[in-house]
Amino acid sequence: MRPLFAATLGMLFASFAVATLPNRFLVLILMTVGVLLVAAIPPAGSYKRIAIVIGAILGVMAVGLHPLANAGIPDTLPSEIIGDVCSPIRRGQTSLRFIVCTSTGKYAIRTKAEQPLSYLDRVRVTSEFSLPEPPRNIGEFNYQQWCRFHHIVAVSSAASNVVLLETRTNIVGRFISDVRTWIDTRCHSGLPADTAPLASGILLSITDDLPFELQESFGRTGTVHVLSTSGMHISVLVATVGTILIWSGRTGSAGVSLGLSILVGYASGGGPAPLRAVTSLVARLMARLLSRSPEPWHLLCLCACAAMLRDPFVVMDAGAQLSFLAVCGLIVAAPFADLFGERIRQSTSVVLKVALTLLQGFIVSFIVTLVTAPAVAFHMQHLSLISPVANIPVGFLSEWALLIGAAAVTIGDIPFVGKVIWTLLNGVLQSLTFVANLLAEVPYADVATGVANPHAVVVASVGLVSGFTQLGRKLCGSTFASQPQYYIPWSPSKPLT
Amino acid sequence: MFRIIFVCFVTTALAVLPGCGHRALTVTCIDVGQGDAVLVSFPNGKHWLIDAGGNPAGDTEAGIDPGHRNVLPVLRAKAIQSLDVVVMTHPDEDHVQGMLAVARHIPVGRVYWNGFEGSRTEQSVRAKFAQKGTTVEAVSVGSRTLVGDVEVAVMSPPLSPIMGTRSPENENSVVLLITYRDKSILLTGDVEAEGERELLRSAQAELNEISLLKVAHHGSDSSSTPEFVRRTHPGIAFVSCGKRNRYGHPSLDVIKRFERVGTQLYRTDQCGMLEWTSDGHSEAVTTMLPCNENALRGAQGVEN
Ligand SMILES: [Zn+2]
């Protein structure tokens, strides 16, 4: 009875709020966060899932009511704006792209590649501004909608003139931007020209110099996530540091990891996926410091709260949706992975161990692919059929590339060891390129989907997540894995417990 | 347990599987900026792609060429897994460059081209198709094929190519006439005045009263001669050209010629993607962007 009661009460409350209260947007956001927080508080119960669904519905309603979502088209566009560079600067072959925040809104700027600009600089931009254009063909990326969700009011012409007015000193922002630039430079000086861009892509998710063919190969094999800073990056780095620091004691190790995860989250650009990973890690490490064991669904809810508070539009963001769904997939796949984990521990033959490990990787990868499939089919309009297979070698190699890359950047200057590490990194990156390109050429690796109905996508996603939860419970006797964190099948390091 | 699995998979299938089973002939003029890309979807579920756009100057920042930016998204949104035939009307960049993306991502049954070796891009496209094991075949006037109950006839290039004009590549473009019951569609590539004259000379009454015409050479005044417009007398015409393109396409003269015979003119630079659908008797046009009567008539046409 309890879930039904909670659901009814929640919906009644929501309809009441929407119908009567003056600042409906704010109320809805607060309610969303409230519901998700309730879902995030232990102990677990079936009403939690319903709370999550209600939270999501409220979130979508809130976005629909956001003043910016309903803002009219401005009457006149300025020809000159003064504001701060408030996004990382993306460098293309012939142009720079970044966002300028002003008191009247955000502007997407494109300019010539020679400008020496960095994050937070105050600039004056003179250009012929125009409203973002709608897509001109079906299936095309909807830039107009993207701009609306990112609060961008206008875009500059390609020939805009940018004058640097003032270099700002936001210590944290500047430091992080400098660290990113430093890592990027180190990669380019330590590696040959053909693998350096891939290293930047994996370490910093900078894909500007990455050959388009290779990006396509990752896209066709459903492994493009290795090029965006995700939970995997942060978990692996923090777990490694945590493991190295284990001699300093449990508390010290967790404390350092805590600080590091926050820093890494910021350094990666602070998108929804890193924010999710950082929130989850912080909560997990806090729990570890308090000797408690958090449950994955609660962590996920907490992460959703953090993301919603940072930017309510995240609900509509394709990257955020996919990132959260992938974690859902990992959570529901955990019992199945555990089932194999048991067998792997028990088996004595090395061949059997390897075979079972590969099978385990495939099962987890398959479940995650299936859970994210409806959303991928909707947002990308194509779906990689080879993804469950491709994710095993690509995930494995990219994780090692991440670890060796981090080592190379930090200790790559030591005379002999440094050389060995860089060579090793180059080898891993070469193999990664080879595997991705090879798998991308498999016929029908990637199929067109043409999914246009968002409601069906929501129903299918919820259905798949609950279906696998039930299946996991029936087959394995528990909803969650024994590990109180989402499962990383190809993790070379032991997960944090 | 099986009930749960069943429900999950049915919902996924519902979400993932697109609506199938259309029994109409659809001609989609994809907006590729300054260039051409026409997708023909036959009632029996076969798909032909005629050109795939490209940047006229041939320069491109990888990934933003029309093949990736416009053509693949359309094919994906229509859940097209493979193309039965790809036609490269002629080797100009604005028609073939986007084919590289198509060749890489979509399995293609057969490639037709006009046999005129051209740019390096065109050669690399043919090489790419050959590498994938796709048959590449030069066609000329006289070839006919049935796709279900739709007839596709090659009207050009002529058996002895037109030479000695300003642009022999354009003049010898592959021209297709598609006939479905009462309706006929003429896809002209970039043929110019001489090629049109040759078309009218060689063709019989089948070129009279065309239902849908893809206007030759993006509406340039080197094509669509008054005689050709009068004879074909199209009910509907599509012009594929870039917004504020530097060639001044379509020419105001050409727009007037079509207006004079009462043709309803649609332009990709004003209306985005254009789609013509017919069951062989009635027909309908949809445009991607709202497109008012003024825009249709080409009242804002650029002076040439
Ligand atoms: Zn052309």
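Here, the structure is the one placed above.
None of these values were measured; they are calculated from a predicted model.

The rules behind these values
- Residues numbered from 1 in each chain as written.
- Chains lettered and ligands numbered in written order.
- Predicted model: local features only at pLDDT ≥ 70, side-chain atom pairs only at ≥ 80, totals over all residues.
- Heavy atoms only, no water.
- Helix = DSSP H or I, 4+ residues; strand = E, 2+ residues; numbered from the N terminus.
- Buried < 20%, exposed > 50% of the residue type's maximum accessible area, 1.4 Å probe, protein only.
- Contact = heavy atoms within 4.5 Å.
- Areas by Shrake-Rupley, 256 points an atom, 1.4 Å probe, with all protein chains shown as cover.
- Buried area = accessible area lost by both parts, 1.4 Å probe.
- Salt bridge = Lys/Arg side-chain N within 4 Å of Asp/Glu carboxyl O.
- Polar contact = N/O pair within 3.5 Å; in protein donor to acceptor, adjacent residues only side chain to side chain.
- Pairing = 2+ DSSP bridges.
- Axes fitted to C-alpha atoms, helices over the stretch in contact; angles between N-to-C directions.
- Donors = N, O, S within 2.8 Å, 3.2 Å for Na, K, Ca; no water.
- Tetrahedral: all angles 85-135°; square planar, octahedral: opposite > 155°, others 65-115°.
- Core = buried A, V, L, I, M, F, W, Y, C linked by side-chain atoms within 4.5 Å.
- Parallel < 35°, antiparallel > 145°, perpendicular 65-115°, else oblique.
- Nonpolar A, V, L, I, M, F, W, Y, C, P; charged D, E, K, R; others polar.
- Phe/Tyr/Trp six-rings, centres within 6.5 Å; stacked < 30°, edge-to-face > 60°.
- Disulfide = S-S within 2.5 Å.
- Lys, Arg positive; Asp, Glu negative; His and termini not counted.

1. Here's the deal with the overall build of chain B
No. 1: What chain B contains, in helices and strands, is 11 helices and 15 strands.
No. 2: Across the 304 residues of chain B, 59% fall into the buried class.
No. 3: For chain B, long-range pairs separated by at least 24 residues make up 68% of all intrachain contacts whose partners lie at least 6 apart in sequence.
No. 4: Accessible area for chain B stands at about 12,000 Å²; split by element, carbon and sulfur atoms hold 52% of it.

2. So, the interface of chain A and chain B
No. 1: Each partner contributes to the interface: chain A provides 40 residues, whereas chain B provides 40 residues.
No. 2: Both sides of the chain A and chain B interface together cover about 3,400 Å² of buried area, and 59% of this is carbon and sulfur.
No. 3: Of all residues in chain A, the largest losses of buried area upon contact with chain B belong to A:Arg136, A:Asn137 and A:Ile138, amounting jointly to 21% of the total for that side.
No. 4: Viewed at the interface, chain B and chain A are joined by 7 salt bridges.
No. 5: Among the salt bridges present, the one from A:Glu213 reaches B:Arg104, with a minimum N-O distance of 3.9 Å.
No. 6: Across the contact surface, chain A and chain B share 17 residue pairs in polar contact (both at pLDDT 80 or more).
No. 7: Taken together, the elements giving at least two residues each to the side of chain A that touches chain B come down to α7 (212-220), α13 (350-379), β9 (446-448) and α16 (454-476) of chain A.
No. 8: A per-element tally of the side of chain A that touches chain B places α16(A) first, with 10 residues.

3. Some words on the sheet that holds strand β1 (residues 25-29) of chain B
All names here are of chain B.
No. 1: Read from one edge of the open sheet, 8 strands run β6-β5-β4-β3-β2-β1-β14-β15, paired in mixed fashion. Every interior strand has two partners, whereas the edge strands, β6 (135-138) and β15 (283-287), have only one. Averaged over all neighbouring strand pairs, the angle between strand axes comes to 15°, with direction disregarded.
No. 2: Against the sheet, helix α5 (residues 120-131) makes contact with β4 (83-88), β5 (108-113) and β6, and its axis sits at roughly 145° relative to β5, the strand it touches most.

4. Observations concerning the coordination of the zinc ion
The reference angle at a metal is 109.5 degrees if four donors form a tetrahedron and 90 or 180 degrees if six donors form an octahedron.
Residue and element names in this part refer to chain B.
No. 1: Bound to the zinc ion on the protein side are Asp94 (OD), His95 (NE2), Asp190 (OD) and His218 (NE2), at distances that span 2.1 to 2.2 Å.
No. 2: Between the 4 donor atoms coordinating the zinc ion, the angles at the centre fall across 84 to 153°, so the site counts as irregular.
No. 3: Counting gaps between the donor residues of the zinc ion yields the pattern D-H-x94-D-x27-H. Residue Asp94 is located in helix α3 (residues 93-96), and its partner His218 is located in the loop between β11 (212-214) and α8 (226-232); the two are separated by 124 residues in the primary sequence. This pair shows no difference in class: Asp94 is buried, exactly as His218 is.

5. Quick word on the nonpolar core
All names here are of chain A.
No. 1: With 40 residues, the main nonpolar core has Trp297, Leu300, Val332, Ile367, Val371 and Phe468 as its most contacted residues.
No. 2: At the level of secondary structure, the elements contributing two or more residues to this core comprise α2 (24-40), α11 (296-310), α12 (318-346), α13 and α16.
No. 3: For this core, the leading source of residues is α12, giving 12 residues.
No. 4: In this structure, Leu203, Leu214, Phe218 and Leu439 belong to the second largest nonpolar core, which totals 33 residues.

6. Description of the packing of α11(A) against α12(A)
Residue and element names in this part refer to chain A.
No. 1: In contact at an axis separation of 11 Å, α11 and α12 are set at 170° when each is read in the N-to-C sense. Classed by the angle they form, the pair α11 and α12 counts as roughly antiparallel. Along its contact with α11, which presents Pro296, Trp297, Leu300, Cys303, Ala304 and Ala307, the element α12 presents Phe324, Val327, Cys328, Ile331 and Val332.
No. 2: Of the residues that constitute the contact of α11 with α12, the class distribution is 11 nonpolar, no polar and no charged.

7. Looking at the packing of aromatic side chains
No. 1: Evaluation of the coordinates by the stated rule reveals 8 aromatic pairs over all chains.
No. 2: Ring geometry for A:Phe336 and A:Phe468: centres 6.4 Å apart, planes at 85°, overall edge-to-face. You can see A:Phe336 sitting in helix α12 and its partner A:Phe468 sitting in helix α16, a full 132 residues away along the chain.
No. 3: With a relative accessible area of 7%, A:Phe336 lands in the buried category.
No. 4: Among the residues examined, A:Phe468 registers a relative accessible area of 9% and is labelled buried.
No. 5: With a centroid separation of 5.7 Å and 65° between ring planes, the pair formed by B:Phe42 and B:Trp48 is classed as edge-to-face. Each member of the pair B:Phe42 and B:Trp48 is classed as buried.

8. Some details on the pairing of β1(B)
Residues and elements named next belong to chain B.
No. 1: Counting buried positions along β1 yields 5 of 5 residues, so the element is predominantly enclosed.
No. 2: Side chains Leu25, Val27 and Cys29 project from β1 onto one buried face, and the interleaved Thr26 and Thr28 project onto a second face that is buried too.
No. 3: Pairing of β1 with strand β14 (residues 274-278), which is carried by 5 bridges, proceeds in the antiparallel orientation. Of the residues in β14, the one forming a bridge with Val27 is Trp276.
No. 4: Here 4 bridges tie β1 to strand β2 (residues 38-41), and the two strands are oriented antiparallel to one another. Counterpart to Thr26 in the pairing with β2 is Ser41.

9. Quick look at the state of the cysteines
Note: disulfide means a covalent bond formed between the sulfur atoms of two cysteine side chains.
No. 1: Summed over the entire model, instances satisfying the criterion amount to 2 disulfides over all chains.
No. 2: Covalently, A:Cys86 is tied to A:Cys101 through a disulfide, its sulfur atoms 1.9 Å apart. Disulfide A:Cys86-A:Cys101: the torsion about the S-S bond is 80°, which places it as right-handed. With A:Cys86 in the loop between β1 (80-85) and β2 (90-91) and A:Cys101 in strand β3 (residues 95-102), the pair connects residues that are 15 residues apart, well separated along the chain.
No. 3: What pairs with B:Cys271 in a disulfide is B:Cys291, and their sulfur atoms sit 2.0 Å apart. Of the two residues, B:Cys271 is situated in helix α10 (residues 268-271) and B:Cys291 in the loop between β15 and α11 (293-297); the sequence distance between them amounts to 20 residues.
No. 4: Residue classification places B:Cys271 among the buried residues on the basis of a relative accessible area of 0%.
No. 5: With no disulfide of its own, A:Cys147 lies closest to A:Cys86 among cysteine sulfurs, the gap being 13 Å.

10. A short note on the environment of A:Leu30
Residues and elements named next belong to chain A.
No. 1: Position of Leu30 relative to the elements: it lies in helix α2.
No. 2: Accessibility expressed as a relative area gives 56% for Leu30, which makes it exposed.
No. 3: Put simply, Leu30 and Arg310 are 280 residues apart on the chain and 12 Å apart in space, counted from C-alpha to C-alpha.

11. A closer look at the side chain of B:Asp65
Residues and elements named next belong to chain B.
No. 1: For Asp65, the position within the fold is in the loop between β3 (47-50) and α2 (66-77).
No. 2: Comment: no salt bridge for buried Asp65; closest opposite-charge side chain is Arg69, at 7.9 Å.
No. 3: Of note is the side chain of Asp65, whose polar atom sits 2.9 Å from the side chain of His68.

12. Observations concerning the environment of B:Leu274
All names here are of chain B.
No. 1: Tracing the chain through its elements places Leu274 in strand β14.
No. 2: Judged by relative accessible area, Leu274 falls into the buried class, the value being 0%.
No. 3: Each C-alpha atom, one on Leu274 and one on Cys29, is 5.0 Å from the other, the two residues being 245 residues apart in sequence.
No. 4: What Leu274 contacts, discounting residues up to four positions off in sequence, is Val27, Thr28, Cys29, Phe238, Val239, Tyr266, Arg267, Thr268, Thr286 and Thr287.

By themselves, these figures tell us nothing about what the structure is for.
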